[in-house]
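Architecture and fold: a report
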Amino acid sequence: MSEATTQPRTVAAAEKKAGALDTTALILVAVLLAAGAILKLTLGSVLSFAGMKPNFIIAMYCLAILLVRPKPIQAMVVGLIAGLICQIPMLAATPLLNIASETLGGLAMGLLILIPMKVGRFDASPIVSTFLATVVSGYTFVLLLAAMNGIAIPVALVTYAVMVFGTAAFNAILVQILVLPLRRALKR
């Protein structure tokens, strides 16, 4: 019999690819999307004003994308998942439209976080990116709704402007407030 030589076992840590979403990032995205759904279901009705309800799901996927900084295609998938969550009967206003609108909103957010937006020491990326991504999502929804219902596009754009820009402003302020403490807590 030959003697087996023993050597200490070592486990090498897998090298993380740039832009790859690790398990922690995926869990964070899932938790934020779930929180957005719960907030939309509960607080969304309470905070409604003149028929306008805040869309916490958009705010939470924007926040998730800001925190985990995925590649644009991955951000688009986060938006797609958010759109699918919006199909839950209790959350869906108009079935299927959110799939397209949130997918494009996620892509917009994924592209916008690539643009440096520092103004002095202030990072304007959370507020600006969330506002613009919400506008992309909102107007995608409005254009699809107009096409489905035979509404003239200019009429739809004007009619829904207050709703889209109001939601965008609400989401932008909410994300700006939440991003700093979450970055500190998560060390991101």
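Here we summarise the structure given alongside this text.

Cut-offs applied
- Residues numbered from 1 in each chain as written.
- Predicted model: local features only at pLDDT ≥ 70, side-chain atom pairs only at ≥ 80, totals over all residues.
- Heavy atoms only, no water.
- Helix = DSSP H or I, 4+ residues; strand = E, 2+ residues; numbered from the N terminus.
- Buried < 20%, exposed > 50% of the residue type's maximum accessible area, 1.4 Å probe, protein only.
- Contact = heavy atoms within 4.5 Å.
- Expected span 1.5 Å × (residues − 1).
- Polar contact = N/O pair within 3.5 Å; in protein donor to acceptor, adjacent residues only side chain to side chain.
- Salt bridge = Lys/Arg side-chain N within 4 Å of Asp/Glu carboxyl O.
- Patch = residues over 30% accessible without salt bridge, like charges linked within 9 Å, V, L, I, M, F, W, Y side chains within 5 Å.
- Areas by Shrake-Rupley, 256 points an atom, 1.4 Å probe, with all protein chains shown as cover.
- Core = buried A, V, L, I, M, F, W, Y, C linked by side-chain atoms within 4.5 Å.
- Phe/Tyr/Trp six-rings, centres within 6.5 Å; stacked < 30°, edge-to-face > 60°.

What follows deals with the side chain of Asn98. Among the secondary structure elements, Asn98 is positioned in helix H4 (residues 97-112). Owing to a relative accessible area of 5%, Asn98 belongs among the buried residues under this scheme. If we ignore the near neighbours within four places in the chain, the residues touching Asn98 are Gly83, Cys86, Gln87, Thr103 and Phe141.

So, on to the side chain of Ser101. Mapped onto the secondary structure, Ser101 falls in helix H4. When its relative accessible area of 0% is taken as the criterion, Ser101 is described as buried. Beyond its immediate sequence surroundings of up to four residues, Ser101 is in contact with Tyr61, Ser137, Thr140 and Phe141.

This part covers the environment of Gly138. Relative to the helices and strands, Gly138 is located in helix H5 (residues 125-149). Placed 26 residues apart in sequence, Gly138 and Val164 show a C-alpha to C-alpha distance of 5.4 Å.

The next thing to look at is helix H2 (residues 56-68). Its 13 residues place the ends of H2 18 Å apart at the C-alpha level, agreeing with the 18 Å of an ideal helix rising 1.5 Å per residue. Buried residues dominate H2, accounting for 13 of its 13 residues. Capping the start of H2, Asn55 holds a side-chain oxygen 3.1 Å from the backbone nitrogen of Ile57, two or three residues further along. Downstream of H2 by a residue or two, Arg69 has a phi angle that is positive, lying close to 50 degrees.

A word on the pattern of salt bridges. As a working rule, side chains carrying opposite charge can pair if their charged atoms are close by. Per the stated rule, a full pass over the model turns up one salt bridge. Between Asp123 and Arg183 there is a salt bridge whose closest N-O contact spans 3.5 Å. Placement of the pair is Asp123 in strand E2 (residues 122-123) and Arg183 in helix H7 (residues 161-186), with a sequence separation of 60 residues. For Arg183, a relative accessible area of 18% gives the class buried.

What follows deals with a nonpolar patch on the surface. Residues Leu43, Val46, Leu47 and Phe170 make up a contiguous nonpolar surface patch of about 340 Å² in total accessible area. By secondary structure assignment, the location of Val46 is in helix H1 (residues 23-46).

Ranked by internal contacts, the top residues of the largest apolar core, which has 32 residues, are Leu32, Ile57, Tyr61, Cys62, Leu63, Ile65 and Met109. For this core, the secondary structure elements donating two or more residues are H1, H2, helix H3 (72-85), H4 and H7. By residue number, the principal contributor to this core is H2, which donates 13 residues. Setting aside chain neighbours within four positions, we find Leu63 in contact with Leu32, Val175, Leu178, Val179 and Leu182. Counting residues in hydrophobic clusters, the runner-up holds seven residues, among them Val135, Tyr139, Ala146 and Val164.

Helix length check: H5 (25 residues) gives 35 Å between terminal C-alpha atoms against 36 Å at 1.5 Å per residue, within 8%. A positive backbone phi angle near 65 degrees is found at Gly150, which sits one or two residues after H5.

So, on to the packing of aromatic side chains. As enumerated under the stated definition, the model contains three aromatic pairs in all. An angle of 85 degrees between the planes, with centres 5.6 Å apart, marks the rings of Phe56 and Phe170 as edge-to-face. Placement of Phe56 in helix H2 and of Phe170 in helix H7 is noted, with a sequence separation of 114 residues between them. The exposure class of Phe56 is buried, given its relative accessible area of 4%. When its relative accessible area of 31% is taken as the criterion, Phe170 is described as partly exposed. Taken together, the aromatic side chains of Phe131, Tyr139 and Phe165 make up a single cluster linked through ring pairs.

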